[in-house]
Amino acid sequence: MSVGESTFINYGNFFDLTAGIIIGSNVRIGPKSIFITGSHEIGDSIKRAGERKKASIIIEDGCWIGAGVIVLPGVKIKHG
C-alpha cells in the first residue's frame, strides 16, 4: 500500500491488501470505506467460490472518497 503526501484517511476503513493499493496525494477518504483487491471466479454448484483472483486499486491525486464507499478490485479513480 502506498499513500501520497497530505492524504487524510478517516477512521474505520478496511484495506484488503491481496493486491496493491495506491492512493495519491491530497486524497480524502471518509470513514468506514472498504477497499477490496481480492475476489473469486464464480465456480460451479459444488463450490461457488471458484479460483481466486486479484487486482490493484489506484486512487489518483486530489480525489474524495466519501463515507461508506466500497471500491472493488481493479478500479482506478482518476485525478480529482
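For the structure itself, look to the data block above.
Computed from a predicted model, the values in this text were never measured in an experiment.

## Quick look at the overall build of the protein
Looking only at helices and strands, the protein features zero helices and 12 strands. In sequence order, the secondary structure elements of the protein are arranged as β-β-β-β-β-β-β-β-β-β-β-β. Overall, the C-alpha framework of the protein stretches about 45 × 20 × 15 Å when taken along its three principal axes. For the protein, with 80 residues in total, the buried portion stands at 30%. Across the protein, every contact between residues at least 6 apart in sequence was considered, and the portion connecting residues at least 24 apart equals 32%. Here the protein displays about 5,200 Å² of accessible surface, and carbon together with sulfur accounts for 55% of that area.

## With respect to the side chain of S33
Within the fold, S33 resides in the loop between β5 (28–29) and β6 (34–35). Setting aside its immediate chain neighbours within four residues, S33 contacts G12, N13, F14, I65, G66, A67, G68 and V69.

## Some points on the packing of aromatic side chains
Inspection of the entire model under this criterion finds one aromatic pair. Geometrically, the ring pair formed by F15 and F35 is stacked, given 4.8 Å between the ring centres and 15 degrees between the ring planes. Residue F15 is found in strand β3 (residues 14–15), and its partner F35 is found in strand β6; the two are separated by 20 residues along the sequence. Pair check on accessibility: F15 and F35 agree, each one buried.

## What to know about the environment of S56
For S56, the location among the structural elements is in the loop between β8 (49–54) and β9 (57–59). Taking the C-alpha atoms as reference, S56 lies 5.1 Å from G74; in sequence the two are 18 residues apart. Other than its neighbours up to four places away in sequence, S56 contacts A19, G20, P73, G74 and V75.

Reading guide: rules and limits
Residues numbered from 1 in each chain as written. Predicted model: local features only at pLDDT ≥ 70, side-chain atom pairs only at ≥ 80, totals over all residues. Heavy atoms only, no water. Helix = DSSP H or I, 4+ residues; strand = E, 2+ residues; numbered from the N terminus. Buried < 20%, exposed > 50% of the residue type's maximum accessible area, 1.4 Å probe, protein only. Contact = heavy atoms within 4.5 Å. Areas by Shrake-Rupley, 256 points an atom, 1.4 Å probe, with all protein chains shown as cover. Phe/Tyr/Trp six-rings, centres within 6.5 Å; stacked < 30°, edge-to-face > 60°.

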